[in-house]
Amino acid sequence: MRRIAIINQKGGVGKTTTAVNLAAALAQCGQRVCVLDLDPQAHATTHLGIEPDGKSSSMYDVLVNSRPLAEVRRKINERLWIAGSDINLAAAEVELAGVVGREVILRDLLLQDKGVFDFVLMDCAPSLGVLTLNALSAASEVFIPLQPHFLALHGMGKLLETTALVAKRINPGLRVTGIVLCLYESNTKLTQEVIGDLQEYLDKSRGTIAYAPSCHGAEDYMALAQEILRESRVVMAARVRVDDRGQATIVSSEQQSEAESQVTK
């Protein structure tokens, strides 16, 4: 089961759009998919046709009351489920403040669903609080939706630092698998400059990244789903390493293997 956290502390960059459309595309490809809505705004829940009325069981009950995910998730179609959210989830940050092990609650509950789904996609809130921390602790992979604007590159650095710290202290298997460019306008000079800066930044850190937007909307996410399903083609596969000064660096799987080989010798 692949567990993917879709995160960005900036709002309006395409996290929910990526989560629900990628989930739908993967389901169309024959995969069993569950979306976990970890945003109190509940946009993923609404998008998939469920009214977040604050009365039905939600991810609030999972995190605060330890309800099994099986009792909360709802079936959307033959291969797609969602564990919804509502405004009550906003209180989880405060209510979990004094709870020991609050950052791994979701990880432990997901173990009960091992093997039930092919993919679990976690749509995270635009923050780096306890809800997102739960997602990072439970995930095996991270996708970062990125709007091709200059300031977005600065925010990405903070995301990589956070991911690196979680990988170092809580979830050693966590890796950044994909940076998904959203709100892409190929005809603007700014977009091209930012894409160039992003390419250079990633090339210096771990090798190369390839992204070729050639279509729109659902076709884009279907192409992304198909790329995820092809093991030989990865949008970005890397681990994040933090040095003694707290600086985060993306390390490719090839670099990691080479380093391990040198240590063995």
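Residues numbered from 1 in each chain as written. Predicted model: local features only at pLDDT ≥ 70, side-chain atom pairs only at ≥ 80, totals over all residues. Heavy atoms only, no water.

Details of the nonpolar core
Ranked by internal contacts, the top residues of the largest apolar core, which has 43 residues, are Leu-36, Met-59, Leu-63, Leu-69, Leu-106 and Met-122. Among the elements that line this core, the one with the most residues is helix H8 (residues 150-169), at six residues. In terms of nonpolar packing, the next biggest core, distinct from the first, is built from 26 residues, Ala-19, Ala-25, Ile-50 and Phe-143 among them. (Core = buried A, V, L, I, M, F, W, Y, C linked by side-chain atoms within 4.5 Å. Buried < 20%, exposed > 50% of the residue type's maximum accessible area, 1.4 Å probe, protein only. Helix = DSSP H or I, 4+ residues; strand = E, 2+ residues; numbered from the N terminus.)

As for the confidence of the model for the protein chain
Looking at the protein chain as a whole, its pLDDT mean stands at 81, while 74% of the residues score no less than 70. When pLDDT is averaged over each helix and strand of the protein chain, the minimum, 49, is found for helix H11 (residues 253-264) and the maximum, 98, for strand S2 (residues 33-38). This stretch, residues 210-215, has a pLDDT under 50; its non-local contacts, to residues over four places away or in other chains, come to four contacts. pLDDT under 50 marks residues 232-238. Its contacts with residues more than four places away, or in other chains, come to 30 contacts. (pLDDT = per-residue confidence, 0-100. Contact = heavy atoms within 4.5 Å.)

Considering helix H1 (residues 15-28)
The end-to-end C-alpha distance of H1, which contains 14 residues, comes to 20 Å, matching closely the 20 Å that a straight helix rising 1.5 Å per residue would cover. Counted residue by residue, H1 has ten buried out of 14 residues, so it is predominantly covered. Here H1 has its buried residues at Lys-15, Thr-16, Thr-18, Ala-19, Val-20, Leu-22, Ala-23, Ala-25, Leu-26 and Ala-27. Directly after H1, the chain includes Gly-30, whose backbone phi takes a positive value near 95 degrees. (Expected span 1.5 Å × (residues − 1).)

Regarding the pattern of salt bridges
Counting across every chain of the model gives five salt bridges. With a closest N to O distance of 2.6 Å, Arg-73 and Asp-113 form a salt bridge. Pair noted here: Arg-73 is in the loop between helix H4 (69-72) and strand S3 (74-77) and Asp-113 is in the loop between helix H6 (105-110) and strand S5 (119-124), with a separation of 40 residues, a long-range link. There is no split in this pair, since Arg-73 and Asp-113 are both buried. (Salt bridge = Lys/Arg side-chain N within 4 Å of Asp/Glu carboxyl O.)

Here's the deal with the packing of H1 against helix H10 (residues 217-229)
Where H1 meets H10, the closest approach of the two axes is 8 Å, and the angle between their N-to-C directions is 65 degrees. You can see that H1 and H10 cross each other, and the crossing is right-handed. Counting all contacts with H1, which are made through Thr-17, Thr-18, Asn-21, Leu-22, Ala-25, Leu-26 and Gln-28, the residues of H10 involved are Tyr-221, Met-222, Leu-224, Ala-225, Ile-228 and Leu-229. A per-class count over the contact of H1 with H10 returns nine nonpolar, four polar and no charged. (Axes fitted to C-alpha atoms, helices over the stretch in contact; angles between N-to-C directions. Left-handed = near helix turned anticlockwise from the far one by under 90°. Nonpolar A, V, L, I, M, F, W, Y, C, P; charged D, E, K, R; others polar.)

Here's the deal with the packing of aromatic side chains
Inspection of every chain in the model, using the stated rule, returns one aromatic pair. Ring centres of Trp-81 and Phe-117 lie 5.2 Å apart, and the angle between their planes is 70 degrees; on these two criteria the pair is classed as edge-to-face. You can see Trp-81 sitting in strand S4 (residues 80-83) and its partner Phe-117 sitting in the loop between H6 and S5, a full 36 residues away along the chain. Across the pair, Phe-117 and Trp-81 agree in class, each one buried. (Phe/Tyr/Trp six-rings, centres within 6.5 Å; stacked < 30°, edge-to-face > 60°.)

Examining the side chain of Ser-85
Within the secondary structure, Ser-85 sits in the loop between S4 and helix H5 (92-95). Looking at Ser-85, the relative accessible area reads 3%, which means it is buried. Polar side-chain contacts of Ser-85 include one of 2.7 Å to the backbone oxygen of Asp-39. Those residues in contact with Ser-85, other than ones at most four positions away along the chain, are Asp-37, Asp-39, Pro-40, Ala-42, Thr-45, Pro-52 and Ser-58. (Polar contact = N/O pair within 3.5 Å; in protein donor to acceptor, adjacent residues only side chain to side chain.)

Describing the pairing of S2
Burial of S2 is extensive: six of the six residues sit out of reach of the surface. Burial of the side chains of S2 extends over both faces: Val-33, Val-35 and Asp-37 are buried on one face and Cys-34, Leu-36 and Leu-38 on the other. Pairing analysis gives four bridges linking S2 to S4, with the strands arranged parallel. Bridge pairing links Leu-36 to Ala-83 in S4. For S2 and S5, the ladder comprises six bridges, and the chain directions are parallel. What sits directly across from Leu-36, in S5, is Met-122. (Pairing = 2+ DSSP bridges.)

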